[in-house]
Each structure stands twice: as C-alpha cells, then as structure tokens.
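Results of the structural survey
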Amino acid sequence: MEEPTASTPSDSRDNLTNHRTTDGESTRLYIRVQPTDNALNPKTIQRQFKRLQQITYPEPDGILDRFRGPIRPTLEFLLVSNTESSLSYYVGIDEQDTVDELERILRGVFPNSYEFDRVEWHADQLTLSDEMADGADSEATKIAGVEFQGQTDRRRDWQTKLTPFEEFTSHDEDDHARVPLTAVVETMAERDLPMVYQALLRPKLDWTDDLEDRRLDIEMNIDTLGGQLANAVLGSPDESNPALPASDEERLAELEAKDARRSFEVNARAIAITDKSDTEPPTEDPKRAVRELTSAFSDVSRTSYEINGTVHTGSDGVAVFDAIRERQFQPPNYERLATKIPGTTNTSSGIVADATEVTNFCLLDGAALTTAGTRALAPSRGEQTALPRPTKEQLTQYRTSGLTLGQPLSQDDTPTDPIALPPELQPLHVAWFGKTGSGKSTGLTTGMLDNHAATSGASILIEPKGDGMPVEYLRAHYAKYGNLDNVYYFDCAETLPALSFFDIRPQLEAGIDRATAVQNTVDHYIELLIGIMGRDRFERAVRSPDIIRYLSKRCSTRSTERTRSAIATSSRKPHRWLRRETHRPLLTTTSR
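Residues numbered from 1 in each chain as written. Predicted model: local features only at pLDDT ≥ 70, side-chain atom pairs only at ≥ 80, totals over all residues. Heavy atoms only, no water.

What follows concerns helix α14 (residues 440-454). Taking 1.5 Å per residue as the helical rise, α14 with its 15 residues ought to reach 21 Å, and the 21 Å between its terminal C-alpha atoms agrees with that figure. Listing the buried residues of α14 in full gives Gly443, Thr445, Gly447, Met448, Leu449, Asn451 and His452. (Helix = DSSP H or I, 4+ residues; strand = E, 2+ residues; numbered from the N terminus. Expected span 1.5 Å × (residues − 1). Buried < 20%, exposed > 50% of the residue type's maximum accessible area, 1.4 Å probe, protein only.)

Shown next as structure tokens:
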C-alpha cells in the first residue's frame, strides 16, 4: 500500500481539485488527525457537531438552485491500516472549498493537543489483483467487507434513540472507558492485513414535523396495523390519558430526547484485503477479520433501533470496496414499500443519528485505546505536543524587517510567515537556545543578513568556538549582496585593546583578601552599568541584576583559577592557555 503524500494548507487552497498520482488515479485531500492521550469532552463534541451539521456547499448561482435550498456535503472519516506502517486517521469532505471550515470545526471537536496535517490519499492506493477485481472466489478469500446496517422493530423506529456517545466516555468513573471505534482500531491493529474503515456522514434536513406526527400516532394507537384494527373494534383511546404499553412509553421518551433539527445520515463499512500473491499463502483470513468487526457497534443499539454488521465476500466484497472508493452513499429507506409486508425485516444501510449519537461511528478517543490500538496509532502524550501559536496581535509587531528570528510553527508544526526583531527592540537581549546541530548558527546568520539591510548601525558577531561561522557568514553575505565592502573580519586578540576588568591579582598582591577583592570588582562593575543605563532602568529588572552579580563573581573567580593553572603548567605548555583564551575572531558589518 502506498503512503499518503503530505500537503500544506496553502497547497490545498491553491489547488482544490482532485490531484493525480503517478499511475493516473485521482487522490483526495484529507485532514490527518494524530490523537494524544487527552480525553474527548462529550459536551464540547455535541456543540461542534451541531456546527458541522450546518456546513453547506457554496452559495448556488442558478435561480433554480436557490429554490432547491442548500446542498449538504458528505463528510468522510477513515481508519487506514496496512502491514508496513501504523494506523492512520483521516477526515475528508467531498466539497474541497469547505476543507478550511471543516478543519476549524474539527479543532473545536478535538483537544488542543491533537495534531492536524493535510495529506492526499485514495482507496485506489490499495492494490487489487485482476482476480480480486473480477470478484472471483478462491480457497482463501482475498477480499472481504462488512457493511453496517440499522435494523428497527417498526418501520419508523429509525426516529428513536441510539446510545449517546457520552455514555462511552465516562473517564472519571471508569478507567477502562472505550468508545465504539476502539473495537475497530483493536481489530485493525491486530490483523496483518490492509484494512480500511469508512464512515460517511451527510447532514439530514430538519424532520421535526415527522417526529411530531409519529408521536401523535403512538398516542392515538395508530402507529401499527394491529393498533389501527383495535381502534376500529374498540374505539380510539382517551386522548387525555391514553393507556399505552411500556414499549410505546419508551418510544415516546426516546422521541422526546431525539434532536430532529440537528441529525445526520450515516453509512459505515469496512474491508480487509489479502496482500499476498497466489504463490504465497496468506497469513490472515480477511473474512475472519471483518467478521470480528460485525459486533463493533452492538453497544450503540437501543431498545427499538439496532446496529448490525453483514459480511460480504467475493463479488459482494469487491462491491463494498468500490463503495469505499467512490464514497457511495445509501440514504435511509426503512419505510420503503417492501417493509410493509408482514414479517419483513426493517433494515437499511442508512443510519439516522443526532449530534449526540453520530460520533459513535466516527470519533476516536486517544485516551480510550487498548494496548494494541495505542501501538498502532501511537498517540502522543498531551503535554509533549506543540504549544499553540501566539495571538495574531502579538505576532503583528514582529512581521517586519529586522533581525529575522525564524518562522513560527502552527500547532501542527506547519511553518508560517517569518518574524523579525525590529530595530527599536534590538537594545534588548536576544538568545537562541538549542542542542548541538539544531541550527543556532544558521538562524543567527540569516538574522544578521536581513538585519544588515534593515538597520543603519553595525551588526557585530564575536565567534568564540572557532568552528568557521564567520567564514560561512562571509560567503552568505557575498551571495546575497554581491560584495563584502561593508564587512570587516579580524582577530580580536590582535586588533582590539584588552582590559582585564575582572583580574583581581593586583588586589590580592596588595594584601586584600580574595572574597573582598571579588566583591569590590562586582560592585564596581554594577556601578558602571548603573551609570550607563540609569538607576531606574537598571532596578526595574527583577532578575537581571542577580544574574549579572553571579556571572561577575564567576568571571573573577575563573580569572584567578586560570592564572594559577597557567603558572603550574607553563613549563610544559608555555602560552597555550593565552592563545586559547584570547584568540577571538570578530566579524562586523556596517550600513551601506
């Protein structure tokens, strides 16, 4: 199976049509969600899915289109696994112009620690042999699918409740809380087969009037053919106090709880494929894998509305695969003519679920995974994910020319526009922190190059390590500006006058004890800083004076220690310490 290719948000905005792979097959743009161990919040999810239910296509242009009303897009949630990489979790939409809106809503659905990026993938990247594509059966079934269906006791029981998602997410009460998709992830993680689970969601138009009609029919005992016959013989029940069986009382309670204004139509299906050749026996049976999935949503069933899975193999299995490839959507048809025949099972591939129930089929909770699911999805620890970017107002003042600091990363590690330290803030301290090889020198070189054009003063680089950074800057400066006329490169030890400010040897020779000599030097240095900065400005800093005092003491102490070390080793390695400590290349650039 081919790996998905990454796509940045800017790429997706520039090219919103289906992309093409090298073999000519179309690919689709998806938002890949990387869960963490932070739990989902059911109340927040419910509010965000009510927003998701309102997503529509762009405003139609034709007059007839306006009379038809808004067209609702189809949302797609995928779990994809193969034998070569970990399990992936994708969210897509058939209208590419609404991908940005979808991502904003999904960021409200999931905790801030969940990471998003955009990739291109298509089920065509799952390769089928000619024999499998023709639907031929063999001794070892090569493709199998499962299709989930709703089954109701009565033709209109699709209007009753399913189990709310919140009942599966009580993490405070149950350390072993498991959402329905956990069972799907568990099976996919344990099977050495390429597998895909797909849930298609389509917002359903408001059917409140149908729900009210159903409620009245139950109260009047005309919801069933038997009730209608009983009314014809015994008369209609008392409207003020109807005597209803317990099952109808339960139906009325569920109809009262159902949100007919914010609901979805759902299709859910999955496939498993053998990726072995005819000469290599398969290690896993796809049929057994998908059979294990048939009970994944059994707990979502309620009193009058059940969710069951049906296994398909051979040509029927290929048909399930084609349905996933083409995003085929089957609307609910529980009230079709055939279901009026007595003894007919009321089933439909279209499942109706409101905002409290639909997430059972599409949302994955990183905190509710099994051990196998955790290995497959590899959720990050919440505290180890990227921090949110600063606010737009905070970044605006740094969207300017100056000492370039870098490109802030979004919450998903996507680079954004560069920021720079403007000249008016450069009298303050700036520091680059990072481990060896992380790019500190490269970042400073880039900053100095841009700062050379943005300021009228000198940019001075003192390079103490001797790793060739000044030479690299010279090359970069010449490549950008075409000359080195304003760059000066020299050895500090040979060019600049030296003042050993922290040398306390004269004081020690004068009989002053070491502690007093160090303190005198530090106090003198602090007085100089106060004179340069002004006392008010110096004392406004809370921690800086303490740090300066500590570093000054260390400088004075190390100066004495190096002197003693140099005297002790001078007979064997004369002047080596002097060269090591005083040789400092210096590079400076001035304005043009």
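Having put the structure on the table, let's press on.
Nonpolar side chains collect at one region of the surface, where Ile547, Tyr550 and Leu551 lie side by side and expose about 330 Å² of accessible area between them. Mapped onto the elements, isoleucine 547 comes out in helix α20 (residues 544-569). (Patch = residues over 30% accessible without salt bridge, like charges linked within 9 Å, V, L, I, M, F, W, Y side chains within 5 Å. Areas by Shrake-Rupley, 256 points an atom, 1.4 Å probe, with all protein chains shown as cover. Salt bridge = Lys/Arg side-chain N within 4 Å of Asp/Glu carboxyl O.)

The geometry of an aromatic ring pair is captured by the separation of the ring centres together with the interplanar angle, meaning the angle of the planes. Here the structure, examined in full by the defined rule, presents 12 aromatic pairs. A ring pair is formed by tryptophan 158 and tryptophan 207, whose centres lie 5.0 Å apart and whose planes are at 50 degrees; its orientation type is tilted. Of this pair, tryptophan 158 sits in the loop between β7 (143-152) and α6 (180-190) while tryptophan 207 is found in the loop between β8 (195-204) and α7 (208-219), placing the two residues 49 residues apart along the sequence. For the pair tryptophan 158 and tryptophan 207, one class covers both residues: buried. Ring geometry for tyrosine 305 versus tyrosine 334: centroids 5.9 Å apart, planes at 85 degrees, classification edge-to-face. Of the two residues, tyrosine 305 is situated in strand β10 (residues 305-313) and tyrosine 334 in the loop between α11 (314-326) and β11 (346-348); the sequence distance between them amounts to 29 residues. Given the relative accessible area of 0%, tyrosine 305 is considered buried. Feature note: the residues Tyr89, Phe110, Tyr114 and Phe116 constitute an aromatic cluster, connected by ring pairs. Lying over the aromatic face of phenylalanine 116, arginine 107 brings its terminal NZ or CZ to 4.7 Å of the ring centre. Of note, arginine 202 hangs over the ring of phenylalanine 329, and the distance from its end group to the ring centre comes to 4.2 Å. (Phe/Tyr/Trp six-rings, centres within 6.5 Å; stacked < 30°, edge-to-face > 60°. Lys NZ or Arg CZ within 6 Å of the ring centre and 35° of its normal.)

With that settled, consider the packing of α7 against helix α9 (residues 246-257). For any two helices packed against each other, one specifies the inter-axial angle together with the distance between the axes. Remark: α7 packs on α9, axes separated minimally by 10 Å, with the N-to-C direction vectors making an angle of 160 degrees. Judged by the angle between their axes, α7 and α9 are roughly antiparallel. As for the relative orientation of α7 and α9, their crossing is left-handed in sense. Of α9, the residues touching α7 (which contributes Leu211, Arg214, Arg215, Ile218 and Glu219) are Asp248, Arg251, Leu252 and Leu255. (Axes fitted to C-alpha atoms, helices over the stretch in contact; angles between N-to-C directions. Parallel < 35°, antiparallel > 145°, perpendicular 65-115°, else oblique. Left-handed = near helix turned anticlockwise from the far one by under 90°. Contact = heavy atoms within 4.5 Å.)

So, on to unusual backbone geometry. Despite not being glycine, asparagine 221 shows a phi value in the positive range, around 60 degrees. Looking at the element boundaries, asparagine 221 is found in the loop between α7 and α8 (225-234). Here asparagine 221 falls in the partly exposed class, since its relative accessible area comes to 26%. Phi is positive for arginine 327, close to 50 degrees, though the residue is something other than glycine. We classify arginine 327 as buried; its relative accessible area is 14%.

Taken as a whole and assessed by the stated rule, the structure comprises 28 salt bridges. Lysine 43 is paired through a salt bridge with glutamate 166; the nearest N and O atoms lie 3.6 Å apart. Of this pair, lysine 43 sits in helix α2 (residues 42-52) while glutamate 166 sits in the loop between β7 and α6, and the two are 123 residues apart along the sequence. Lysine 43 sits in the partly exposed class, given a relative accessible area of 44%. The residue aspartate 223 makes a salt bridge to arginine 156 at a minimum N-O spacing of 3.1 Å.

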